[in-house]
Structure formats: structure tokens, C-alpha cells
Amino acid sequence: SGCGGGGGGGGEGGGGGGAARAAVCDVSSALSDEAGSCVIIVRDVTEKERLAQLEREATAAAVERQKDEEANRFSRHEVKNGVLAALSQLDSISNEMRRKVGLEAGATFHRSLASMRSGLTHTLETVLSQALARDVLHGNYLPRTAPCKIEQALGLAWQINERFPLTTHPSPLPVVDIDQRLLCLVHRNALSNACKYGRHGGVVATEVVLAGDQLTIRVVNEPGEQHESVRGLDPASVFAKGTRLHRVSSDEAIATARVSKGDGGWVMAKCAECMLGECSIAFREAETVFELRCPAPQRLEESFLDEADLSAGVTALAIDDCEFQLVCLEAVFASLGIPEESTTLIGTTDEEVKGAADTIVAAVEALPPDGRLLLIVDENLDLAFPSSETVSGSYAARTALNRMPPSEEARTLVLVRSANDSESDVALYNERTHGFLSKAPSEPDRRTVLRTWVTRFGCEAVTRKGAPARSAADSAQLDDEDEMRAAAAAELRRLVALIGAERASAPWCELWKWLHRLKGALGSSRALGCCGADELIRTIESLRSRGELEEAVWSLIERGSLAIAPSLVPGT
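In short, a report on the structure. (Residues numbered from 1 in each chain as written. Predicted model: local features only at pLDDT ≥ 70, side-chain atom pairs only at ≥ 80, totals over all residues. Heavy atoms only, no water.)

1. Overview of the pattern of salt bridges
If you walk through the whole model with that rule in mind, you get 11 salt bridges. Among the salt bridges present, the one from R56 reaches E49, with a minimum N-O distance of 3.6 Å. Accessibility expressed as a relative area gives 43% for R56, which makes it partly exposed. One salt-bridge network, held together by shared partners, links R218, E278, E291 and R293. (Salt bridge = Lys/Arg side-chain N within 4 Å of Asp/Glu carboxyl O. Buried < 20%, exposed > 50% of the residue type's maximum accessible area, 1.4 Å probe, protein only.)

2. Points about the pairing of strand 10 (residues 288-295)
By the criterion of burial, strand 10 is predominantly enclosed, with 6 of the 8 residues buried. Where strand 8 (residues 214-221) and strand 10 come together, 8 bridges link them in antiparallel fashion. Within strand 10, the position partnered with R218 by the bridge is E291. By the bridge criterion, 6 bridges tie strand 9 (residues 278-283) to strand 10 in an arrangement that is antiparallel. Paired with F283 across the two strands is T288, which belongs to strand 10. A loop of 4 residues connects strand 9 with strand 10, the two strands running antiparallel in sequence. (Helix = DSSP H or I, 4+ residues; strand = E, 2+ residues; numbered from the N terminus. Pairing = 2+ DSSP bridges.)

3. Digging into the packing of helix 11 (residues 356-365) against helix 12 (residues 393-402)
Direction vectors running N to C along helix 11 and helix 12 enclose 45 degrees, while the axes themselves pass 8 Å from each other. By the criterion of interaxial angle, the relationship of helix 11 to helix 12 is oblique. Seen from above, helix 11 lies across helix 12 with right-handed handedness. Across the interface between the two elements, A356, A357, I360 and V361 from helix 11 touch A396, A397, T399 and A400 from helix 12. Residues of the contact of helix 11 with helix 12, tallied by class, amount to 7 nonpolar, 1 polar and no charged. (Axes fitted to C-alpha atoms, helices over the stretch in contact; angles between N-to-C directions. Parallel < 35°, antiparallel > 145°, perpendicular 65-115°, else oblique. Left-handed = near helix turned anticlockwise from the far one by under 90°. Contact = heavy atoms within 4.5 Å. Nonpolar A, V, L, I, M, F, W, Y, C, P; charged D, E, K, R; others polar.)

4. Structural notes on unusual backbone geometry
Each neighbour pair has its own omega, and for H169 with P170 the value is 0 degrees, a cis peptide bond. Topologically, P170 is positioned in the loop between strand 5 (166-169) and strand 6 (176-178). Cis geometry is found at the peptide bond from S171 to P172, where omega equals 0 degrees. Structurally, the position occupied by P172 is in the loop between strand 5 and strand 6. The backbone phi angle of L276 is positive, close to 60 degrees, even though this residue is not glycine. Tracing the backbone through its elements, the reader meets L276 in the loop between helix 7 (264-274) and strand 9.

5. Examining the sheet that holds strand 9
Taken in spatial order, the 5 strands line up as 5-7-8-10-9 in an open sheet, and their pairing is mixed. In this open sheet, the two edge strands, each paired with only one partner strand, are strand 5 and strand 9. Shown here is a sheet whose adjacent strand axes are inclined to one another by a mean of 15 degrees, direction ignored. Its contacts with the sheet place helix 4 (residues 180-197) against strand 7 (204-211), strand 8 and strand 10, and it is angled at close to 20 degrees to strand 8.

6. Describing the nonpolar core
Within the largest apolar cluster, 42 residues are counted, with the highest numbers of intra-cluster contacts made by I150, I178, L183, L215, M275, F290 and L292. Listing elements by their share of this core, those giving two or more residues are helix 3 (150-157), strand 6, helix 4, strand 7, strand 8, helix 7, strand 9 and strand 10. Element by element, the count of residues in this core is highest for helix 4, at 8 residues. Setting aside anything within four residues of it in sequence, one finds I150 in contact with L173, V176, L183, V208 and L215. Within the second largest apolar cluster, 27 residues are counted, among which are A489, L511, A533 and W554. (Core = buried A, V, L, I, M, F, W, Y, C linked by side-chain atoms within 4.5 Å.)

7. Quick look at the packing of aromatic side chains
Evaluation of the coordinates by the stated rule reveals 3 aromatic pairs. Note on W453 and F457: the rings are 4.6 Å apart at their centroids and 65 degrees apart in plane angle, and the pair reads as edge-to-face. Taken together, the residues span about one helical turn, with W453 and F457 both in helix 15 (residues 445-457) at a distance of 4 residues. Its guanidinium or amino end placed over the ring of F457, R372 lies 4.6 Å from that ring's centre, counting from NZ or CZ. (Phe/Tyr/Trp six-rings, centres within 6.5 Å; stacked < 30°, edge-to-face > 60°. Lys NZ or Arg CZ within 6 Å of the ring centre and 35° of its normal.)

8. So, the sheet that holds strand 18 (residues 435-438)
Pairing is parallel in the open sheet, where 5 strands are placed in the order 13-12-14-17-18. Two strands lie at the open edges of the sheet, namely strand 13 (343-346) and strand 18, each paired on one side alone. When strand polarity is set aside, the average angle formed by the axes of neighbouring strands in this sheet is 20 degrees. Pairing of strand 14 (residues 372-378) with strand 17 (residues 412-418) involves 6 bridges; the strand directions are parallel.

What follows is the structure, given as C-alpha cells:
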């Protein structure tokens, strides 16, 4: 048999008076010598051809768009570099004027330079925002959260003054993690729309509220000329693509200046989605309120810790079986500004250790309605000899927390303090309570406690005192530190003498309790600035699984501990 093929052909279709439609066909044929027949197949490939044509056009448009984007990117890059260069020159001129003329003599000139700098910065932000908006609309933008001071960011995006007031709650706002460029783009568009469609020359106020990790920004403007006509419309339609709620003015100049394509609200909604938030608008009788809501986790500035304390509304409870460690915890509470009358220290008797859970529950129940409890509990609470029982502080704390309703636990911060800081130990403490406090800290306990407190309750849960005063309080703190050093030295000597006397006769479980307490005292001495404790702590920790205290090892621990004790007390 033989076969042959045919190409495409043109045809026409339609009927009943309909317009003719061009068709594209594919023809193939097959000849059979035996049957004496020919089979011809005609296929309509019009849609396939049209799809191919559309693909070619789409590819060509994509190539053109890519070329345009590359050209625009180059132009923006050059504009950005030019603005940055101008800003650098502006700073150089300003510095030179300060050096030669002085700040007061050239006050007018410096104000002009500041105004120029503000304008150039605004131009730079506009250029960057254009690229940002394009990426957001095409779904190519990934939010880049970073620490942001909202007042500064919004002030940079728009000149804050009497006509554009900015109020915040709390004030000042803490640093938060958010995409500053997206935030400023939405705020700038909201202010621009308020100026366009609100009362001419009217006040446009910005309100910023941070509640927990939720940020709310409201832009409020006075009613404009067409306010009544939009009050009956669906506010959600503002954020649809191509929506223009305001009529075009008969004055062509006004129409050009005041009417957009209607995509502003749509762009703002897209930006809000990128921030995992949402936009809304309300046309009230006396005002228009635009609102942006989005997550904004607080980012703690370390300098903030130096200005904060827990002097208001905080009750402190410490549970430890060692009197020296209770002295250390009393000093920690004092450094946090907690009044002495709001501080309780327990744990030196078996009754207090066994009743720890009941004491914790009672302390929470006794809190005032707006009060909070700070609890620091030692992990290994040893009962007095001859008992070899050890009560787990983290377990006792978890038992107490389980007995409370969630609303009561929400007012409590429980930290486990221990010299055992292995990964598995810390994981257990964090599972049972709210955090861990090492007896051999790498930073002052005050900072660790405050950081954990702010993380749990927020920045508004501390008292901000400003820069700490340098006066009699400092002298008192120095006196307290001297007392702690003397107590640490005495505790080291006492424990060394006790272990040395009982080493030959006491059972291993009892020796390990005292060795563990010595490890904690060495950790506390390290926090007081003494060197040499780390190696001794590691040596004691290595004995945990041995079950015996060898002569050579004890000799090393004894000599090292007694060498550290004199260095704790100045002048000895």
C-alpha cells in the first residue's frame, strides 16, 4: 500500500446569515492498492492554530515586558544612585558648614539643607515603592520583616506636622518586626487619598495602636465634597481593581489632578495581604476612617532592658533549699526593682519544700486583679539529712500551674534555676515551665529575667524609668554586691569543709547533693566575675554518673574552690 499526506486548507462556515469564519484544516490521506480505495482525513485545527498564535503573542509580549522592566530597572537604578549621591553631597555640605560657620550662624542654611534632604529622601522612597508595588501586584514579592520603629518609619514616609498628626498607643511604641516598605506604601497611599478626597486643607490624623502582636493603623480625614454620595456604597468595593468612587470633575485640570485609575485601594489591599493583614474603610457621618490591621511581633531592643524594671504590680517568689542561693535571688529581685515587701524567699525547711506547689497556688490567688507573679524555683530541692529525697522544682511548679485556670497561669512567669544546663535538662525545664535561669549565667540575671518577662507579657508589662540614676542607689547596689561576694566565699568554704569531713562515711547520694550545691555556688561566683570556676563545674558534672568521689578528683575540686574563695572578697 502507499500513503500520502495533505497540508492545511481554507474553508468557510457558519450559516443562517451568520458571518463567515476562517477555518484552518489539516488533511491527511492513505491509499490502499489491494482495496483500491483512498482514505482522506480532514481535521479542523482552527482552535489549535489560534492557541499557538496566542502563545506566540503572549511570548512576544512577555519578552517586550521583560525588556521594558530591564530598562525601567536600569532607569530606577540610575535615579536611585543619583539621589543617594545628592544626599551624600548634601551631608558633606552640611558638615562643612557646621565646621566653618557653626550651627547657630547658619541656622537658615541648615534648615534649607534639611528640607532638601527630606525631599530627596521622599523621592528615593517613591522610586523604590514603584518597584515594590509592581512586584506585589505580580505576586513576586516576598515580605522582608526587620526591626522597625514605626514612628520613624511613618514620619519618613510622610511629613508629620500639625495637619498630619501622629498618635500612638502605647507611647512610645516598641520596636516591631514588620516589612517597613510595605507599611509605608500603604500609609502613604492612605494619606494621599485622604488629601485628595477629604476636606481641602483639613486635618488628616494617623492613629497607631499595638495590642500584643497585632498592629492597627487608622488614617482619619474630614468629609470631602462628595462624601455624602459614597456613604451608601459598599466599603469593600474600594479595594476592588479599577474602582473609582468619586465622580470626575467638570474642570479638566481638577479631574487630572484628583482622579486616578481606581487601583489605589486594590494595591493597598495587596500590600496588606503580603503582610498577612487586611484593609477596611468606613464612611462615617463626620469622618472617613481607613484601617490597616496586620501582625507585628515585638522586637526587643537590648538597650530597652537597661531602662526597664518590675517595680509596679509584680510579686516575687523564690524557692531554693540553699540559703546562699536565696541571698543571690534576693539580689536579683532587688536589681529588678521589686519592693522588698513584695518578695518572698522560702525553701530552707522540708515543710517549705514539700509544700512548694501549695505556696505557688496561694501566691497567685493572693495577687491583686492587675498583679503578676515572678517565680524562680531551684530544680533540685534537697530534703534535710538523713533523707536522700530530692524534690524537682520544675515538677512542683508544673503541678501548681495545672491546678490553676488558664487566666491565672497567664499572670505568672515561672523560671527554673539550676546548675544543670545540658540540652535535655533545659528542654525539660521549658516543657514544664516558662523558661530557664542558669546558676552560671553568661549575662546578668536581671537582663535574662526582663527579656523573658517582656517576651511573655509584652513591653507594656514593665516600668520604664529612663536612664538609671547614679546616686545613693548605686552605692547601695555596690554594698549588696560586696555582701554577696562575702556570702559566696563563706558558702564555698562551708561546702568544701562539709564534703571533706563527710566524704569517707556519707553515701554517694548524699555526697552528690552537696557536690551539686557546690557546683551552683561556683556558678554564682563566676557570675560575680571570678575566673577558674568553669573547669571545676565541668569536673563536678563529670562525677554525675561515676557514683564515687576519687581522692585525686576531690583534691582538685578542693584546691580550686578554696583558691576562688579569697578572690571573691576584695582585700583578702
